[in-house]
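Spelled out from the first residue to the last, the chains are:
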Amino acid sequence: MANRSNRFARAVLWTALGIVTGMAALPFGPAGAEDNIKIGVLLPFTGPWAKNGNESYAAMEIARDMINEQGGIRGKKLAFARGDAPDPSAGKSEAERIITQEGVKLITGTYASPLGVAVSAEAERQGVIHWETIASADIITHRGYKHVFQVGPAASRYGKAALDFTKDELAQKLDKKFDDLRIALLWENRAFGTSVGIGARARSNELGKKLVYDEGYDQFATDMTPLIQKLKDVKPDVLIVISFINDTVLLHRKAKELNFDVPVIIGVSAGHSVPDLKDSLGTVVDGIFVSDLPVLVNPKALRPEVQAAAEQFNARYDKMLHRVPAGHAVASFAALWTLFKDVLSKAKSMDPDDVRAAALSMDLPDGSLINGSGLKFSNFDQPQDPKDAGQNIRSSIGVWQWQKLGARQVYPKDLATNDVIMVPLPPWSKR
């Protein structure tokens, strides 16, 4: 009798162990478990970048909700743990809090490059995945980190795109040879502007083009007079400028005040790309080009199922915020959509090593994300920088133009929805 009881007890024990083992092997835990798949989101919900941070978050919510409505990931619903990152120090602290107290294995965000640099470093220190949606400073993936993935293009590519567009499209429009164009480069001297400037300078050198002006400045400067006076003296045909919203507005107002006319202005993302610019300057923005993340691209450049997701995102975003999404919002949705739909659905678990393996296995062609990007990450295999890891080498970058107060993609041709107009820009007296 005792032996029979012992055999029964052992059978129950082994059955229980089998159930537990099976549960542990499930990729995301048992279906219907109380805890969802929790993702940490670090964005500037307050502070000088708050408007763009909140717009990015709205786009991320749409991606989350669309996936959850489709059943989540293997029966598990997605949930966000928010952290406010108005500056790098706060971003680092909030990342540490979310990782240690909320127990997340993956964090995302962050919008601005200084935030991305700080938050990704904390993620690496903690051994969790950082999935960067927008922040583009090249240093983010140049530090030899294993757990950091930058879905958007590196900042240096923004500057290169501006030079290529000038060579391929603008020289002819200005009825000049590219070699004869006078190109000026003005850049804010922090992480983003410096990286873009490096890219523009490198591309200019590759093309054998000497810039007539190349100077950095403090984005928090309150008087643009000295800069405008210097630019007037060099008489550029094309001004490439990297700035944030407040200094962008000051720059154009001072240019008008001092009657600084330039045939072409190419703003690089940031201040020139946000709807706030047209709210501050009105129709003055029309004709300005923006080297940036694509906003609304030619549907033919997207795979059919991706185009359907783009249409649904745009409709939901308009209903939520009553406006067309800016590039940072489109990029935020695109980065999380592919994370949920392609990467996490393939990962064996939410363990950082499993998510990393799934991310590195991605080989998605152009047109797989709603902004025209593909998805393939560097993995210490870039000849020019062996320490580079986690950069999406298929991220799309291009140029759009303000036309009738809206963003119209004009370059490259496969993503373009509209033709280039207003070259050269009318003088201030006619704008």
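The following paragraphs examine the structure supplied in this document. Keep in mind that what you see is a predicted model, and the values were worked out from it rather than measured. (Residues numbered from 1 in each chain as written. Predicted model: local features only at pLDDT ≥ 70, side-chain atom pairs only at ≥ 80, totals over all residues. Heavy atoms only, no water.)

A word on helix α3 (residues 88–101)
In step 1: Here α3 contains 14 residues, and its C-alpha end-to-end distance of 20 Å stays within 8% of the 20 Å for a straight helix at 1.5 Å per residue.
In step 2: Listing the buried residues of α3 in full gives G91, E94, A95, I98 and I99. Taken around the axis of α3, the buried residues stretch over an arc of 130°, which confines them to a single face. Across from the buried face of α3, at angles greater than 90 degrees, the exposed residues are S89, T100 and Q101.
In step 3: In this fold, the buried residues of α3 make contact with β1 (37–43), β2 (78–84), β3 (106–109) and α4 (113–126).
In step 4: A distance of 3.1 Å separates the backbone nitrogen of S89 from a side-chain oxygen at the start of α3, and that oxygen is part of D87. (Helix = DSSP H or I, 4+ residues; strand = E, 2+ residues; numbered from the N terminus. Expected span 1.5 Å × (residues − 1). Buried < 20%, exposed > 50% of the residue type's maximum accessible area, 1.4 Å probe, protein only. Arc of directions from axis to C-beta. Contact = heavy atoms within 4.5 Å. Polar contact = N/O pair within 3.5 Å; in protein donor to acceptor, adjacent residues only side chain to side chain.)

Considerations on the pattern of salt bridges
In step 1: Across all of its chains, the model carries 22 salt bridges by this definition.
In step 2: The partner of K92 in a salt bridge is E122, and the shortest N-O contact between them spans 3.4 Å. Here the residue K92 occupies a position in helix α3, and E122 occupies one in helix α4, the gap between them amounting to 30 residues.
In step 3: Overall, K92 belongs to the partly exposed group, its relative accessible area being 39%.
In step 4: Look at E122 and you get buried, because its relative accessible area is 1%.
In step 5: Across the pair R203 and E206 runs a salt bridge whose closest N-O atoms are separated by 2.9 Å. Within this pair, R203 and its partner E206 are both found in helix α6 (residues 191–206), separated by three residues, close to a single helical turn.
In step 6: The structure contains a network of salt bridges with shared partners spanning K38, E94, R97 and E102. (Salt bridge = Lys/Arg side-chain N within 4 Å of Asp/Glu carboxyl O.)

Things to note about helix α11 (residues 304–321)
In step 1: Taking 1.5 Å per residue, 18 residues should reach 26 Å; α11 reaches 26 Å between its end C-alpha atoms and fits that length.
In step 2: Within the sequence span of α11, burial applies to V306, Q307, A309, A310, F313 and Y317. Projected down its long axis, α11 carries its buried residues within an arc of 155°, all on one side. Exposed and facing more than 90 degrees away from the buried side of α11 are P304 and K319.
In step 3: Next to the buried residues of α11 lie α2 (50–69) and α12 (327–344).
In step 4: Two residues or fewer after α11 comes H322, characterised by a positive phi angle close to 60°.

Regarding the nonpolar core
In step 1: The biggest cluster of nonpolar side chains holds 123 residues, and the ones touching the most others in it are W131, F289 and F340.
In step 2: A total of twelve residues in this core trace back to one element, the largest contributor, which is α12.
In step 3: Residues A95, I98, I107 and V128 belong to the second largest nonpolar core, which totals ten residues. (Core = buried A, V, L, I, M, F, W, Y, C linked by side-chain atoms within 4.5 Å.)

Thoughts on the sheet that holds strand β7 (residues 213–217)
In step 1: If you walk across this open sheet you meet the seven strands as β7-β6-β8-β9-β10-β13-β14, and the pairing is mixed. Lying at the two open borders of the sheet, with one neighbouring strand each, are β7 and β14 (406–411). If you compare each strand with its neighbour and ignore which way they point, the axes differ by 25° on average.
In step 2: Running at roughly 155° to strand β6 (residues 183–188), α6 makes contact with β6, β7, β8 (238–242) and β9 (264–268) of the sheet. (Pairing = 2+ DSSP bridges. Axes fitted to C-alpha atoms, helices over the stretch in contact; angles between N-to-C directions.)

Re the packing of aromatic side chains
In step 1: With the rule as written, the count across this model stands at 14 aromatic pairs.
In step 2: With centroids separated by 5.3 Å and ring planes inclined at 55°, the aromatic side chains of F165 and Y411 adopt a geometry described as tilted. Here Y411 lies in strand β14 and F165 lies in helix α5 (residues 155–173), a separation of 246 residues in the sequence. As far as the burial class goes, F165 and Y411 line up, both buried.
In step 3: Where F313 meets Y317, the ring centres are 5.6 Å apart and the plane angle is 50°; that geometry is what we call tilted. Placement of both F313 and Y317 in helix α11 is noted, with a separation of four residues, approximately one turn of the helix.
In step 4: Its relative accessible area of 0% is what places F313 among the buried residues.
In step 5: For Y317, a relative accessible area of 0% gives the class buried.
In step 6: Connected via pairs of aromatic rings, a cluster forms that spans W49, Y158, F192 and F244.
In step 7: Here the basic side chain of R82 rests over the ring of Y57, its NZ or CZ set 4.9 Å away from the ring centre.
In step 8: The aromatic ring of W428 is capped on one face by R431, whose charged end is 4.2 Å from the ring centroid. (Phe/Tyr/Trp six-rings, centres within 6.5 Å; stacked < 30°, edge-to-face > 60°. Lys NZ or Arg CZ within 6 Å of the ring centre and 35° of its normal.)

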